[in-house]
Amino acid sequence: MQFAEFAARASEMEAEPADLATAALVRDLFRESGDELDTVARFVQGRVFPAWDSTTLDIGPRLLREAVARAAGPNVTADDVEERLAEEGEIGAVAAGYDFGGQRGLAAFGGGDGGGGDGLTVREVDGTLRELAAATGSGSEDRKLSALFGLFNRASPEEAKFLARLVLSEMRIGVGEGTVRDAIAEAFLVREADGPEDGEEEDEDGDEDDGPLTRAAADHLAAVERALQVSNDYGMVAVTAREEGLEGLEAVRLEVGRPVQAMLAQAGTATDALEEWGEAAVERKFDGARVQLHADGEAGGKSDGDDISVSVFSRNMDDVTDALPEIAEFAAEHVDAPVILDGEVVAVDDDGSPLPFQEVLRRFRRKHDVDRMREEVRLELHAFDCLHADGEDLLDAPVTERHARLAEILPEDAVSDLLVSNDEGEIAAFEEGSLAAGHEGIMLKNPDSTYSPGDRGKNWLKRKPDVETVDLVVTGAEWGEGRRANHLGTFLLSARTDEGSDGQGNGDGYATIGKVATGITDEELAELSELLEPEIVAEDGQTVELNPSVVFEVGYEEIQRSPTYSSGYALRFPRFVAVREDKAAADADSLERIERLVESQ
Ligand SMILES: Nc1ncnc2c1ncn2[C@@H]1O[C@H](COP(=O)(O)OP(=O)(O)OP(=O)(O)O)[C@@H](O)[C@H]1O
C-alpha cells in the first residue's frame, strides 16, 4: 500500500466526527490493506511497534522539528518550525504546511503529483522507522535525523502530516483501541456471522451498526478483545482474524517474553468486598512497583536452571530486566518451567523493613551503575499472581487457584500471604498486621475472579489509610529564576479527560488543575529538567508547553473548585511527592477521579 493512500484514509478518519462511521472507515482500510495489514493496524493508532514491545523510536519533538526544517529547505530553520508550531498547535499541521516534495532530491524527478512522486510505501515507512529505532550510540541522532529527512523529503503535505504524527505516536484521527478492535471484528468476522451482506456499500453510513449486536457478532467481538488482551498486538490479531477466523483468535495464547497488561484495582473496603462476594481473598498491599516476570524454560520438565531465561517488565510493559538483575537472578534460581508471574518489587532497609516506593523507582530508572545501585537499594520480590505455568494459561482460573500455583513455584517468603475470609474482624486484624509491618494497606480480591489484563474492574479492591495523592501529567512548566534559572522550576499539572472516549489521549485529552513548585530538592530539579526538556513542544518567555508524557505523584491539602484551570478545579497546597516512572500519561488520574475525590472530601 502506498503511504499516500494510507494518509488519504487517515485524513478521512480525521474529518469524520462520528465514531461508528470512523470504525467503518478503519474496517474498509483493513479489508484493503493486503500484506501490510499488520503495519496498518498499528499505524492507525500511531504505533510502529506492537503495544507489548517497549522499543521506542526515541525521537523527541526537537529532533522532529529539525528534520521537518531540513526537508523544508535551506531557508527554513528549526526555530521557524517552532514558531509555526506555536501558531498551529500541532506538528502534523505544521509539516503539512511545507512543500517538501518540490524542494530537491528524488521527488523532483518523480511524477509531478506534488511530491509523492517516487511513492513512499507503508512498508518502506515502517522499515525506515524500525531501522531508526535500532540506531544507538554515538552519531545515532544524526542518523535518525537523516533517515527522517529522507522520508519527509519524499512526502506530500498529507503524507508529511501523518508521518510527523506517527513519529510522535499521536495520530489525532479519533481511532482508539476500541475502534480498532471493532474494525477488526467487522472487517473479518462479524460479516460472516450476520450472513451475506449484499448491499454492503449502501450500509456505509453506519446504519447497519445501530441495532443491538447479534449474539454471534458479540461473541466475535469478545474473541477479538480476548486475543488483544492476551497478545497486545493489534497487527497480529488483525492478520489472525483475517487468515484463521474465530478459531485462530481463540487459539491465541499468552507467550512467555511477551508482556500483558496488568490487572488493576479500585479503592474499596472490606465491607464493600464482603457485601459483594460473601468472602474475600486478602493480601498485603506492598508499597513498591509492579513487575511481571517471564521465565522461559523447558515446558513439562525440570531443568537445572541453566537454560532459564528471565525477563522482567514494568507496569507499562517496559523491559526492566537489566535494571533489576537480582529479581531476574532470583527467578532463574527458583523457576524451572515456563511461567508468567505478577508481583511487586519493594525496596527494603537492612532489617528487611519496606522503604518508600520512590526508592524502588530509583532502581527502575537506572541504566548505568546498576551494580552500585544494587548495593545501595536492596530489592525484594513479593509475587501475588500466576498467569501462566508450565504451558498452561491461567487467566481464566480463579484467584485462589492461581495463588496456589504460585506457591508451588516460588519459595514461601517471595509469595504474598493470602487470607480467604468472610469475617470483617479477621480482615481488620490482617490489615493492622500489614500496616504494622510497614506495608501500604491491603488488597481485597474476589476469590472466584479471573485475571482480566488491563482492567480496573471491581474484582480487585485496594484499601490504604494514607492520605490520598493524585497522579497527574506534567503538561507545562516555567523556567526558574536566580540560581535555578537553568532548570524548569514550576510544573503545570493536568488530569486526563479522555476516559471512555478513544482512550488514546487524542485531541484535548488533558485538563489543567494546578502548579507544583514545592517539595522538590535542587538535585531533583536538575533531574526533572533533564527528563522534561526533550518534551518541550513550545516556549513563550519563561513558560514552556510540554508533550504530555511524565507523571507526577502529588500530595495536596484539598481540591477546590476554581476558574483558574481548565478542569474547573485547583489543588490547594500541592506538594511534589515523586515521578511515577512506572506510569505513562494514559495511566494518570482522570478528571472523573478528581471529581470523585472532591465529592468525598
Ligand atoms: N497483593 C497485591 N496484589 C495486587 N496488587 C498489589 C499488591 N500489593 C501491591 N500491589 C500494587 O497495588 C496496585 C493496585 O492499585 P492500582 O491498580 O490502583 O495501581 P496504582 O495506580 O499503581 O495504585 P497505587 O498508586 O495505589 O499503587 C498494583 O498495581 C500493584 O502495583
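Residues numbered from 1 in each chain as written. Predicted model: local features only at pLDDT ≥ 70, side-chain atom pairs only at ≥ 80, totals over all residues. Heavy atoms only, no water.

### Some thoughts on the sheet that holds strand S3 (residues 289-296)
Taken in spatial order, the 5 strands of this open sheet run S4-S3-S5-S6-S7, and their pairing is antiparallel. Among the strands making up the open sheet, the edge pair consists of strand S4 (309-314) and strand S7 (392-393). Most of the contacts of helix H17 (residues 399-409) go to strand S6 (residues 378-389), to which it runs at about 125°, and overall it touches strand S5 (339-348), S6 and S7. (Pairing = 2+ DSSP bridges. Helix = DSSP H or I, 4+ residues; strand = E, 2+ residues; numbered from the N terminus. Contact = heavy atoms within 4.5 Å. Axes fitted to C-alpha atoms, helices over the stretch in contact; angles between N-to-C directions.)

### Side note on the packing of aromatic side chains
The tally for this structure, following the rule as stated, stands at 9 aromatic pairs. Ring geometry for Phe6 versus Phe43: centroids 5.8 Å apart, planes at 70°, classification edge-to-face. One end of the pair, Phe6, is in helix H1 (residues 3-15); the other, Phe43, is in helix H3 (residues 37-43), with 37 residues separating them in the sequence. Members of the aromatic cluster, joined through ring pairs, are Phe3, Phe6 and Phe43. When the ring centre of Tyr98 is taken as reference, the NZ or CZ atom of Arg84 above it lies at 4.2 Å. (Phe/Tyr/Trp six-rings, centres within 6.5 Å; stacked < 30°, edge-to-face > 60°. Lys NZ or Arg CZ within 6 Å of the ring centre and 35° of its normal.)

### Concerning the site of the ligand
Neighbouring the ligand are 18 residues, the closest being Ala265, Glu344, Arg456, Lys462 and Lys464. For the ligand, a nitrogen atom lies 3.0 Å from a polar atom in the backbone of Phe286. When the ligand is considered free in solution it has 590 Å² of accessible area, and contact with the protein chains removes 94% of it. Of all the secondary-structure elements, those providing two or more residues to the shell around the ligand are strand S1 (264-267), strand S2 (280-285), strand S9 (441-445) and strand S10 (456-463). Grouping the constituent residues of the shell around the ligand by class yields 6 nonpolar, no polar and 12 charged. (Near = heavy atom within 4 Å. Polar contact = N/O pair within 3.5 Å; in protein donor to acceptor, adjacent residues only side chain to side chain. Areas by Shrake-Rupley, 256 points an atom, 1.4 Å probe, with all protein chains shown as cover. Nonpolar A, V, L, I, M, F, W, Y, C, P; charged D, E, K, R; others polar.)

### Some remarks on the confidence of the model for the protein
Here the protein averages 88 in pLDDT, and 90% of its residues register 70 or above. Within the model, pLDDT remains below 50 along residues 195-210, and this stretch shows 13 contacts once partners closer than five positions in the same chain are excluded. Both scores are given for the predicted complex: the pTM is 0.79, the ipTM 0.96. (pLDDT = per-residue confidence, 0-100.)

### A few points about the packing of helix H4 (residues 61-72) against helix H5 (residues 78-88)
With their axes 8 Å apart at the nearest point, H4 and H5 run at an angle of 110° to one another. In terms of their interaxial angle, H4 and H5 are classed as roughly perpendicular. Residues Arg65, Glu66, Val68 and Ala69 of H4 lie in contact with H5, whose contacting residues are Ala78, Val81, Glu82 and Leu85. The class makeup of the residues in the contact of H4 with H5 is 5 nonpolar, no polar and 3 charged. (Parallel < 35°, antiparallel > 145°, perpendicular 65-115°, else oblique.)

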